[in-house]
Amino acid sequence: MSAPIRLAKASQVVEGSPAVVGKDVLELLSTAMYVDPLTIYREYVQNAADAIDQARAGGHDAGRIAIVLDAAARTASIRDDGAGIPASDFRRVLTSVGASAKRGTEARGFRGVGRLSGLAYARSLSFQSRAAGEARVSTMTWNCQALRTALRDTADTRDLAAIIDAITTTTITDEAGDPYFEVRLEGVARQGDDRVMSPGAVADYLSEIAPVPLDTSFSHGAAIAERLGGTVALGDLTITINGGEPVMRPFRDELPVDGGRPLRLREIAFVEVPSIDGGIAAVGWIAHHDYEGAIHPSTHVRGLRVRAGDVQVGEAGVLADVFPESRFDAWTVGEVHVLDARIVPNGRRDDFERNVHLANLKNHLAPLGRDVANRCRTSSRDRKRLRDLELEQAAAREGLAVLAQGGLNAAGRDRMALGVELSLMRAEKLLGEPDLVDGSNSGDRGEVARLRSELEQLAGADAPAASPLDRLSPDRREFYEEMFSLIYDCSANRSAAKSLVDRIMAKVA
Ligand SMILES: Nc1ncnc2c1ncn2[C@@H]1O[C@H](COP(=O)(O)OP(=O)(O)OP(=O)(O)O)[C@@H](O)[C@H]1O
Ligand SMILES: [Mg+2]
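The protein chain is annotated in an unreviewed UniProt entry as HSP90 family molecular chaperone-like protein of Alterirhizorhabdus solaris.

Here is the structure:
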């Protein structure tokens, strides 16, 4: 016989079934709530993490989560070795909607709805568990199809409790063994690029959001663990997908970028945010890099991320408004661990509830945001300066080549020499500006000096350089010099003009 179903809002628990809760509530919680189907893994991993903490608090060894995806069979399962749910509580706990016993505890969950996220994406959803110290396995299956039919049917006037009762079945069998909890989705719906069934996509997603260790090859990992370890319980779960290597956080010293230069995380800066009444609201770190532009999403480290209980809340962009311009969030690598329980994730866990504690956090992060923005701006200014320098050098080289060609009359030569002089002056000015990227301009200094001495040789001497036109009569020479000056004056492309003049000179001189 099934136990009475508990329905509650927030922390209020209503025993039995007197409360009439419209069935739309379930629709809201299970279907409309999560935009990205991958979030089901976040909810199940988060539940597993809470159960693992509970097992560890009881002195048990726990910490493994095995995910098995079978795209052909359209099944997915998430199994942990945490505390499990005792058989006597099993049906009550798993049919309650919004009555989390975790509220007010250290646990990550608190709304009592996360486990329902799978309802939207499968034909059936089942939970199975054996609690520590028990020799019984309880299984509950939700018939998601029947649930959807009931929710859609406007003639169906049953309330939520009656519907849940009708579409769930619970069994208990005797079976000794280690404690576990397993979620199993069957008949997983195919959505878009089917990332829910892709081991690679699920691993990438979990590497960003789950409480898994930093990769050992990340050389700043030790400093981060040392600095934050005393304040934050950094996750150490072993999560495997289809028996593969355990999932690690995505940070590495060097991250490959699809079709671009790798991202190098060079230096770590730490931040600690006080709460408004004394304690620590949050701690975090930023990895400085070359700030060459917005970080490519394929690195999985783009944006200042936020974590609560070492599970990511939302995605990149949650803290975008701590930057003077929100676009700089995408240039940032770092994470902030929220410690103050009054900074509360919203129901979808894609952002935080707006309150004074969140505002305090953002205010304290603003100087960090300004620092990053300055680094981004300086580095893009540096790059623009280098580009301008290159253009000036190229213009000077072209002008010098025209002078060396010897096809211009005195006035034309003067104009050309003046053009080269201006380019070199602009190049020297760019080189003289202070914080041009370190070390990158010594070669440029040498090159500009060389171009200047070339200019002095070609234009400074009283007599012009020897020219193929020397062999022509003064009249013809004057004519060609006039014509070449016109060609240079009228042509938009100086190097094309020069090769035209070269060809004409080869013919006439
Ligand atoms: N892996 C698990 N191991 C043990 N108990 C679990 C597990 N998953 C869920 N439970 C139990 O089921 C309850 C409901 O889970 P659910 O995810 O719906 O809500 P929650 O975790 O309490 O809050 P939230 O909605 O914020 O996630 C949990 O409070 C916990 O008691
Ligand atoms: Mg949960």
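Following the structure, the description resumes.
*Asks:* Hey, could you go over the packing of helix 8 (residues 356-405) against helix 9 (residues 410-432) for me, with residue numbers and the actual values?
*Replies:* Two measures define how a pair of helices packs: the angle their axes make with one another and the distance between the axes. Viewed as axis vectors pointing N to C, helix 8 and helix 9 meet at an angle of 155°, and their least axial separation amounts to 9 Å. When the axis of helix 8 is compared with that of helix 9, the two are roughly antiparallel. In this structure, helix 8 meets helix 9 at a crossing whose hand is left-handed. Residues Arg385, Asp388, Leu389, Glu392, Ala395, Ala396, Gly399, Leu400, Val402 and Leu403 of helix 8 lie in contact with helix 9, whose contacting residues are Arg413, Met416, Ala417, Val420, Ser423, Leu424, Arg426, Ala427, Leu430 and Leu431. Residues belonging to the contact of helix 8 with helix 9 are distributed by class as follows: 13 nonpolar, two polar and five charged.

*Asks:* Give a description of the sheet that holds strand 3 (residues 124-130) that names residues and reports values.
*Replies:* The strand order 5-4-3-6-2-1-7 describes an open sheet built from seven strands, whose pairing is mixed. Single-partner strands in this sheet number two, and they are strand 5 (168-174) and strand 7 (238-241). Averaged over all pairs of adjacent strands, the angle between strand axes in this sheet comes to 10°, irrespective of strand direction. When strand 3 meets strand 6 (residues 180-186), the two strands line up antiparallel, connected through seven bridges. In the strand pairing of strand 6, Gln128 is matched with Glu182.

*Asks:* Describe the site of ligand 1, and please don't skip the residues or the numbers.
*Replies:* Taken together, the neighbourhood of ligand 1 is formed by 21 residues, with Asn47, Ser100, Lys102, Phe110 and Arg115 sitting nearest. Ser100 places a side-chain nitrogen or oxygen 2.4 Å from an oxygen atom of ligand 1. Burial of ligand 1 by the protein chains amounts to 92% of its free accessible area of 590 Å². Secondary-structure elements contributing two or more residues to the shell around ligand 1 are helix 2 (39-57) and helix 3 (87-95). Residue contributions to the shell around ligand 1 peak at five residues, all from helix 2. Considering only residue class, the shell around ligand 1 consists of eight nonpolar, seven polar and six charged.

*Asks:* Quick rundown of the environment of Ala166? Include the residues and the values.
*Replies:* Note on placement: Ala166 falls in helix 5 (residues 160-167). For Ala166, a relative accessible area of 48% corresponds to the partly exposed category.

*Asks:* So what about a nonpolar patch on the surface? Which residues, and what values?
*Replies:* A cluster of nonpolar side chains, contributed by Leu418, Leu422 and Met425, occupies part of the molecular surface with about 280 Å² of accessible area. Looking at the element boundaries, Leu418 is found in helix 9.

*Asks:* Lay out the packing of aromatic side chains with the relevant residues and their values.
*Replies:* If you walk through the whole model with that rule in mind, you get seven aromatic pairs. Between Phe127 and Phe181, the ring centres sit 6.1 Å apart and the planes meet at 40°, which makes this aromatic pair tilted. Of the two residues, Phe127 is situated in strand 3 and Phe181 in strand 6; the sequence distance between them amounts to 54 residues. Here Phe127 and Phe181 have matching classes, each one buried. Residue placement shows Arg79 over the ring face of Tyr180; its charged tip is 3.8 Å from the ring centre.

Calculation notes
Residues numbered from 1 in each chain as written. Chains lettered and ligands numbered in written order. Predicted model: local features only at pLDDT ≥ 70, side-chain atom pairs only at ≥ 80, totals over all residues. Heavy atoms only, no water. Axes fitted to C-alpha atoms, helices over the stretch in contact; angles between N-to-C directions. Helix = DSSP H or I, 4+ residues; strand = E, 2+ residues; numbered from the N terminus. Parallel < 35°, antiparallel > 145°, perpendicular 65-115°, else oblique. Left-handed = near helix turned anticlockwise from the far one by under 90°. Contact = heavy atoms within 4.5 Å. Nonpolar A, V, L, I, M, F, W, Y, C, P; charged D, E, K, R; others polar. Pairing = 2+ DSSP bridges. Near = heavy atom within 4 Å. Polar contact = N/O pair within 3.5 Å; in protein donor to acceptor, adjacent residues only side chain to side chain. Areas by Shrake-Rupley, 256 points an atom, 1.4 Å probe, with all protein chains shown as cover. Buried < 20%, exposed > 50% of the residue type's maximum accessible area, 1.4 Å probe, protein only. Patch = residues over 30% accessible without salt bridge, like charges linked within 9 Å, V, L, I, M, F, W, Y side chains within 5 Å. Salt bridge = Lys/Arg side-chain N within 4 Å of Asp/Glu carboxyl O. Phe/Tyr/Trp six-rings, centres within 6.5 Å; stacked < 30°, edge-to-face > 60°. Lys NZ or Arg CZ within 6 Å of the ring centre and 35° of its normal.

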